[in-house]
Amino acid sequence: MNNSMNNILDGKQTSLDLQSEIAQKVETIVSSGGKKPHLAAVLIGDDPASKAYVGHKIKACAKAGFESTIINRNTDISQTELLEIVQDLNDDKSIDGFIVQLPLPDHLDSTEVVQAVSPEKDVDGFHPESVGKMALGLPTYLPATPAGIITLLDRYGIKTTGMHAVIIGRSDIVGNPMSALLSRNAEPGNCTVTQCHSRTVNLREHTLRADLLIVAIGRPNFITADMVKEGAIVIDVGINRIPDPTRKSGSRLTGDVDYENVAPKCSWITPVPGGVGPMTIATLLENTLQASLLKSNASSEK
Ligand code: GUN
C-alpha cells in the first residue's frame, strides 16, 4: 500500500540554487576589488570515480567564478612526495583551501596526509582539529557531504527535531560526521541517532524504526522496501556504478537504496544521481568561499 506522499528531495536543483547564490557573492567581492576564492584539489592515481568527482568540483569552481587548481599525480607517488605537495599548498598564499581526494592508493597513509593539511585550509573538514571543533559545536569547516544533507533538509523546510535518525555507515567522510550533526542541538538536527554499520546485528529492526534513514554503505539496492517505515525520509548517499546493457556506456549510477520500491513508502527521498552528490559540491564551494573571506579579513587586519 502506498499511503505516503512521495516527494523527491531535488539535490541537483538545490545545489544549482546554492551555486548561483555563491556566484553572486563572488561577483560582488570581485567587483569591489576583492580576490576570487581559490580551491586546489589533489588527485592521486586514475580511479575513474575519484577523477569524475574532482572533475565536477573543478567545473563547479569555474561556474561560480572561483580559481581552481588540480594537482594530478600517478599512483606510484611516495608518501613523502605527497606530504610535500600538501606542505606546498599549506604555504601557497594564493590557495584559500584544498582537498586531497580520497580514497588514496593503498600504499599511502591517508590519516597522515589529512593531518598534514593546515586546518585553515581544510575545506573538507577532515583534519582532527576540524572534527574536534565540529564535535564541540564550535565554528569550523564541516565535511561537505553530511553538511550538504543538512542544508538540503533545511532548504526543504523539513523539521527533524525529535526524529529517530538511523545512519548506516561509520566513515569519517559521511557516517561519523552525519551522526554528530544530526544529534546537535540545532534544526535540522536534534535527532535521536542510531548509527549502524557492517557489524550491526538485525539491521532491519533498526532501519524500520527510522523516521530519517541515511544510507552510506556503498552497496547497490542494499535498502529494500521491507526495511523502511511508511512515511520515512530516506537519504541515499551511495554512488555505485552497475552494469546496464541498455546504456550506451554499458553502465549506470545507482544508490544504496532500491529506489523504485522504497520511494512509494517515503515522505521524502533523494534520487541517485541528483540527490546528495550535487549538495556535496555546493557545500565545498561554500567552505572555500568562507576560507577565502576569512583569509582576506585576516590579511586586512595585519
Ligand atoms: N571521497 C569521497 N568524498 C570525498 C570528499 O568529500 N572529499 C574528499 N577529499 N574525498 C572524498
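This structure is a prediction, so every number in the text was calculated from the model and none was measured.

Caption draft 1: Local environment of the overall build of the protein. Counting secondary structure elements, the protein contains 10 helices and 11 strands. By the burial criterion, 48% of the 302 residues in the protein qualify as buried. In the protein, of all internal contacts separated by at least 6 residues, the share reaching a separation of at least 24 is 70%. For the protein, the exposed surface amounts to about 14700 Å²; the carbon and sulfur share of it is 51%. When the 28 basic and 35 acidic side-chain charges of the protein are each reduced to a single mean position, those positions are 4 Å apart.

Caption draft 2: A look at the state of the cysteines. Following the criterion strictly, the structure yields zero disulfides and no others. Not engaged in a disulfide, the cysteine Cys191 finds its nearest cysteine sulfur in Cys196; these two sulfurs lie 14 Å apart.

Caption draft 3: Just the sheet that holds strand S5 (residues 164–168), in detail. If you walk across this open sheet you meet the six strands as S1-S11-S8-S7-S5-S6, and the pairing is parallel. The sheet is open, and its two borders are formed by strand S1 (7–8) and strand S6 (192–196), each paired with just one other strand. For S5 and strand S7 (residues 212–215), the ladder comprises four bridges, and the chain directions are parallel. Bridge pairing in S7 places Ala165 opposite Leu212. Along the sheet face, helix H7 (residues 175–183) touches S5, S6 and S7 and points at about 170 degrees away from the line of S6.

Caption draft 4: Region of the structure containing the pattern of salt bridges. Counted according to the given criterion, the structure contains eight salt bridges. Residue Glu21 is joined to Arg155 by a salt bridge in which the shortest nitrogen-to-oxygen separation is 2.9 Å. Placement of Glu21 in helix H1 (residues 11–31) and of Arg155 in helix H6 (residues 144–155) is noted, with a sequence separation of 134 residues between them. The exposure class of Glu21 is partly exposed, given its relative accessible area of 32%. In this structure Arg155 comes out as partly exposed when scored by relative accessible area, which is 42%. Asp96 is paired through a salt bridge with Lys295; the nearest N and O atoms lie 2.9 Å apart. Here the residue Asp96 occupies a position in the loop between helix H3 (79–91) and strand S4 (97–100), and Lys295 occupies one in helix H10 (residues 276–301), the gap between them amounting to 199 residues. For Asp96, a relative accessible area of 2% gives the class buried. Via salt bridges that share partners, Lys35, Asp96 and Lys295 belong to a single interconnected network.

Caption draft 5: Local environment of the nonpolar core. Counting 26 residues, the largest nonpolar core has Ile149, Leu182, Leu212, Ile214, Ile233 and Ile235 as the members making the most contacts within it. Where this core is concerned, the elements lending two or more residues are H6, S5, H7, S7, strand S8 (233–236) and H10. Broken down by element, this core gets its largest block of residues, five residues, from H6. Excluding residues that lie within four positions of it along the chain, Ile235 makes contacts with Leu9, Ile149, Leu153, Leu212, Leu213, Ile214, Val215, Thr270 and Val276. Membership of the second largest hydrophobic core comes to 22 residues, among which are Ala60, Phe66, Tyr141 and Ala144.

Caption draft 6: Highlighting the site of the ligand. Close contacts around the ligand come from Lys57, Val100, Gln101, Leu102, Asp124, Phe126 and Ile173, and that covers them all. Val100 places a main-chain nitrogen or oxygen 2.9 Å from a nitrogen atom of the ligand. With respect to the ligand, the backbone of Leu102 contributes an N or O atom lying 2.8 Å from a nitrogen atom. Within the complex, the protein chains bury 85% of what would otherwise be the 280 Å² of accessible surface of the ligand. Tallied by class, residues from the shell around the ligand come to four nonpolar, one polar and two charged.

About the thresholds
- Residues numbered from 1 in each chain as written.
- Predicted model: local features only at pLDDT ≥ 70, side-chain atom pairs only at ≥ 80, totals over all residues.
- Heavy atoms only, no water.
- Helix = DSSP H or I, 4+ residues; strand = E, 2+ residues; numbered from the N terminus.
- Buried < 20%, exposed > 50% of the residue type's maximum accessible area, 1.4 Å probe, protein only.
- Contact = heavy atoms within 4.5 Å.
- Areas by Shrake-Rupley, 256 points an atom, 1.4 Å probe, with all protein chains shown as cover.
- Lys, Arg positive; Asp, Glu negative; His and termini not counted.
- Charge placed at Lys NZ, Arg CZ, Asp CG, Glu CD.
- Disulfide = S-S within 2.5 Å.
- Pairing = 2+ DSSP bridges.
- Axes fitted to C-alpha atoms, helices over the stretch in contact; angles between N-to-C directions.
- Salt bridge = Lys/Arg side-chain N within 4 Å of Asp/Glu carboxyl O.
- Core = buried A, V, L, I, M, F, W, Y, C linked by side-chain atoms within 4.5 Å.
- Near = heavy atom within 4 Å.
- Polar contact = N/O pair within 3.5 Å; in protein donor to acceptor, adjacent residues only side chain to side chain.
- Nonpolar A, V, L, I, M, F, W, Y, C, P; charged D, E, K, R; others polar.

Structural measurements only, silent on function.
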